[in-house]
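The chain contents come next:
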Amino acid sequence: MGMEKKSVVIIGAGVSGLAACKHLLERGCRPVVLEADSVVGGVWAHTPDLTRLQTSRTMYQYTDFPWPDSVTEEFPNNRQVADYLNAYARHFGVLECIRFGHRVAGMEYVGVAEEEVAAWDDWAGCGDAFGSGNGKWRLTVTDAQGLVQVHMADFVILCIGRFSSVPNIPKLPPGKGPDAFDGKVIHSLDYSKMGSHKAKEMVKGKRVTVIGYGHSALDIANECASLNGTERPCTMVVRTKQWVLPDFYAWGIDISNFYLTRFGELLIHKPGEGLFLSLLATTLTPLKLMFSKFAESYYSITMKKHDMVPDHSFFEGIVGGWVELAPKDHYKNLEEGSILVKKSKTFSFCKEGVMVEGESTLVKSDIVILGTGFKGDQNIKSMFASKYFQRILIGSISMDVSLYRDCVHPKIPQLAVIGYSETYANLHTSELRAKWLAHFMDGGFRLPSVNAMHRDALEWEKFLKRYSHGEFRAASIGLLNNWYKDNLCRDMGCNPRRKNGLLAELFEVSGPSDYIGLHPM
């Protein structure tokens, strides 16, 4: 059913959008990529100067496009990543498909009544990518000049990520919010979008308070510390302490050997695992606790000094995708006092700064930067005009978008989402999903029934809930990278075993290099 005749729209030209476009081009389909920004790279196009990859370079690359020899760092910086993504888009002809400055304001499924869609037993009515041919997506798009266009599409791929457009702004009681404060309040998103020169000008010589202790919050606080030193230290107000690691070696051992190998996955219960693997996971639980304690014993040495040891175990942090690689000088900056940390469940604004619980003195501030994360689910929800689609998007357990294979919603036809959930090698996983999706769209396989897909998505939700103690609402594949990729490989008719020999398969970390030359049958 020749894909070249079908109209496919990809929304977003970040890591996932570029891969999706490349794999469709390979199969003769010419998608249109709508990108609100003026450049490719998604979040990588706008980050503080200090930002670097949290995953090593060899784990963060497309299988058919190695890093250039000129990049030798293990964790390349934001510029190097942006250049790499640009080069990929140029090399595979993806750039010609992108329309920059095009923002999708909303989309509607037309041609089939919602009641009928709701009653389907098979995805899109027949289990095929393009449905029966009656339904289409109508996209309302604003271009760079502000003119509104309408695009019709047989299939839409959402690649808008989690960290792009809907900032999570804390709700504060009346009179305690930003309006009570004489200084300036911005979200980390605004800080990144300013461009690094402007952002540095803004914080130089100022008393900056950063709310949060995640990735963006850490990058911004350390940028402030490098500019202002101990005269004007940057204060971080931290609600939940996190495992923020100086590197991935505990007592000299690379911890990814515990967590990112197939052997590591045998220690935990997996969605749809069967009796033998379930018994094995139960038997090996003590080993899992041992690994966690081993890592904690090392990392908590530095963290104890600053009373920053998290309340949750290292293992739970990893499952929720809440383990951060610290910016280079983070612990040095804490040591010398150019970053101060205040732990507090709540905070509020007053005229001269920020009040935190348990302290009578306020944190005097000129600028408060909210590193409080994003609402990824809102980001996706807001794309849909229909209340019905908005309502069914969210899972029954997790309050997060519930997708089969993390790509397809069982009840939303002719649409896929790539790159919404987090993994430890986002780019590599997104590429594999793009391959999976292109193969499916090209008629390579059919999806199971709506009910079967729902059941599968529920199994994954239960797994996350089981291990993260309901603390986190992260859509994260976390520890089950290999288990997840095996599912994609099987769907495509490819051998999930990618290494030579059982020992390598069990004890070596699998990454992009193992999936070179993976061709769906």
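Just so you know, these numbers come straight off a predicted model, no measurement behind them.

### Brief notes about the overall build of the chain
Move 1: Across its full length, the chain holds 18 helices and 20 strands.
Move 2: A globule of 521 residues ought to have a C-alpha radius of gyration of about 24 Å, and the chain, at 23 Å, matches this closely.
Move 3: For the chain, the spread of C-alpha atoms along the three principal axes comes to 65 × 60 × 45 Å.
Move 4: The buried share of the chain, taken over its 521 residues, is 55%.
Move 5: A separation threshold of at least 6 residues defines the contact pool for the chain, and within that pool the share at least 24 residues apart is 74%.
Move 6: Only carbon and sulfur atoms are counted for the fraction: they give 53% of the accessible area of the chain, which is about 22,200 Å².
Move 7: Across the chain, the centroid of the 58 positively charged side chains sits 2 Å from that of the 58 negatively charged ones.

### A word on the environment of Leu-189
Move 1: You can see Leu-189 is positioned in helix α4 (residues 188–193).
Move 2: Judged by its relative accessible area of 15%, Leu-189 falls in the buried class.
Move 3: The sequence separation of Leu-189 and Val-43 amounts to 146 residues, and the corresponding C-alpha distance is 9.4 Å.

### Re the sheet that holds strand β20 (residues 415–417)
Move 1: As summarised here, the arrangement of the five strands in space is β3-β2-β1-β7-β20, forming an open sheet in which the pairing is parallel. Of all strands in the sheet, those with a lone pairing partner are β3 (98–100) and β20, marking the two edges. Each neighbouring strand pair of the sheet contributes to a mean axis angle of 20°, computed without reference to strand direction.
Move 2: Here strand β7 (residues 155–158) pairs with β20 via three bridges, running parallel. By the bridge assignment, Leu-158 is partnered in β20 with Val-417.
Move 3: Taken strand by strand, helix α1 (residues 15–26) contacts β1 (8–11), β2 (32–35), β3 and β7, and its axis lies near 160° from that of β1.

### A look at the environment of Pro-170
Move 1: Positionally, Pro-170 belongs in the loop between β7 and β8 (184–187).
Move 2: For the pair Pro-170 and Thr-346, spaced 176 residues apart in sequence, the C-alpha to C-alpha distance is 9.8 Å.

### Comments concerning the packing of aromatic side chains
Move 1: Evaluated as defined, the whole model comprises 33 aromatic pairs.
Move 2: Ring geometry for Phe-258 against Phe-291: centres 4.1 Å apart, planes inclined by 0°, an arrangement best described as stacked. With Phe-258 in helix α7 (residues 256–259) and Phe-291 in helix α10 (residues 285–305), this residue pair connects regions lying 33 residues apart in the sequence.
Move 3: With relative accessibility at 13%, the residue Phe-291 sits in the buried group.
Move 4: Centre to centre, the rings of Tyr-298 and Tyr-299 are 5.3 Å apart; their planes meet at 75°, and the pair counts as edge-to-face.
Move 5: Clustering of aromatic rings is evident, with ring pairs tying together Trp-243, Trp-251, Phe-258, Tyr-259, Phe-291, Phe-294, Tyr-298, Tyr-299 and Phe-314.
Move 6: The ring of Phe-130 has Lys-6 sitting right over it, with the charged end atom 5.1 Å from the ring centre.
Move 7: Above the plane of the ring of Phe-315 lies Lys-288, whose end atom (NZ or CZ) is 4.8 Å from the centre.

### Description of the state of the cysteines
Move 1: Evaluated as defined, the whole model comprises zero disulfides.
Move 2: Free cysteine Cys-234: the closest other cysteine sulfur is in Cys-224, separated by 4.6 Å.
Move 3: Assessed through its relative accessible area of 1%, Cys-234 is described here as buried.

### Regarding the side chain of His-330
Move 1: Secondary-structure assignment places His-330 in helix α12 (residues 330–336).
Move 2: Those residues within four positions of His-330 in sequence are excluded, and the remaining contacts are Tyr-213, Leu-218, Asn-222, Met-236, Val-244 and Ile-339.

### Quick look at unusual backbone geometry
Move 1: Although it is not a glycine, Asp-307 adopts a positive phi angle of roughly 55°.
Move 2: Located in the positive-phi region is Arg-405, a residue other than glycine, with phi close to 55°.
Move 3: Tracing the backbone shows Arg-405 in the loop between α14 (387–392) and β20.
Move 4: Overall, the relative accessible area of 11% leaves Arg-405 in the buried class.

### Observations concerning the pattern of salt bridges
Move 1: All chains considered together, the criterion is met by 22 salt bridges.
Move 2: Where Asp-307 meets Lys-241, a salt bridge forms, and the shortest distance between an N and an O atom there is 3.7 Å. Of this pair, Asp-307 sits in the loop between α10 and α11 (314–319) while Lys-241 sits in the loop between β10 (234–238) and β11 (243–245), and the two are 66 residues apart along the sequence.
Move 3: We note a salt bridge from Glu-508 to Lys-499, for which the minimum N-O separation is 3.6 Å.
Move 4: Its relative accessible area of 42% is what places Glu-508 among the partly exposed residues.
Move 5: Through salt bridges with shared partners, a single network forms among Arg-262, Asp-486, Arg-497 and Glu-505.

Conventions adopted
Residues numbered from 1 in each chain as written. Predicted model: local features only at pLDDT ≥ 70, side-chain atom pairs only at ≥ 80, totals over all residues. Heavy atoms only, no water. Helix = DSSP H or I, 4+ residues; strand = E, 2+ residues; numbered from the N terminus. Rg over C-alpha atoms; globule rule 2.2 N^0.38 Å. Buried < 20%, exposed > 50% of the residue type's maximum accessible area, 1.4 Å probe, protein only. Contact = heavy atoms within 4.5 Å. Areas by Shrake-Rupley, 256 points an atom, 1.4 Å probe, with all protein chains shown as cover. Lys, Arg positive; Asp, Glu negative; His and termini not counted. Charge placed at Lys NZ, Arg CZ, Asp CG, Glu CD. Pairing = 2+ DSSP bridges. Axes fitted to C-alpha atoms, helices over the stretch in contact; angles between N-to-C directions. Phe/Tyr/Trp six-rings, centres within 6.5 Å; stacked < 30°, edge-to-face > 60°. Lys NZ or Arg CZ within 6 Å of the ring centre and 35° of its normal. Disulfide = S-S within 2.5 Å. Salt bridge = Lys/Arg side-chain N within 4 Å of Asp/Glu carboxyl O.

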